[in-house]
Amino acid sequence: MKVDYIPLPEAVPGREYIINHIEQGKTDIKNYSGHGIIPGVKVKFLFSGPSNDPIAYEIMGTVIALRYNDSKNIFVTTI
């Protein structure tokens, strides 16, 4: 079975996803884990700013705003 995953900014607002993996980018992966952004955790795309930056997500009951360039390194699958 093939599992498709998408970058977090391509998620549909209001839907829940599971974090599949995080690619090394300009931001250190350790910074993500400090906010609960780790593989296996549910994430919900809430809304984005006027120019798609920043984007608000609900992770573990907390609203977190991430810059587009940081969130594009987080890949998710649908629930």
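## Here's the deal with the nonpolar core
Ranked by internal contacts, the top residues of the largest apolar core, which has 17 residues, are Ile19, Ile37, Val43, Tyr57, Ile59 and Ile74. Secondary structure elements with two or more residues in this core: strand 2 (16-22), strand 3 (42-48), strand 4 (55-59), strand 5 (62-66) and strand 6 (74-78).

## Regarding the side chain of serine 71
By the element assignment, serine 71 lies in helix 2 (residues 68-71). Residues contacting serine 71, with those up to four places away along its chain left out, are Leu8, Pro9, Ile55, Tyr57 and Leu66.

## A look at the pairing of strand 3
In this sheet, strand 3 lies alongside strand 2 in antiparallel orientation, the contact comprising three bridges. By the bridge assignment for strand 3, isoleucine 18 is matched with lysine 42. For strand 3 and strand 4, the ladder comprises five bridges, and the chain directions are antiparallel. Within the sheet, the bridge partner assigned to valine 43 lies in strand 4 and is isoleucine 59. Count of turn residues in the strand 3/strand 4 antiparallel hairpin: six residues, of which asparagine 52 carries a positive phi of about 65°.

What counts, and at which threshold
Residues numbered from 1 in each chain as written. Predicted model: local features only at pLDDT ≥ 70, side-chain atom pairs only at ≥ 80, totals over all residues. Heavy atoms only, no water. Core = buried A, V, L, I, M, F, W, Y, C linked by side-chain atoms within 4.5 Å. Buried < 20%, exposed > 50% of the residue type's maximum accessible area, 1.4 Å probe, protein only. Helix = DSSP H or I, 4+ residues; strand = E, 2+ residues; numbered from the N terminus. Contact = heavy atoms within 4.5 Å. Pairing = 2+ DSSP bridges.

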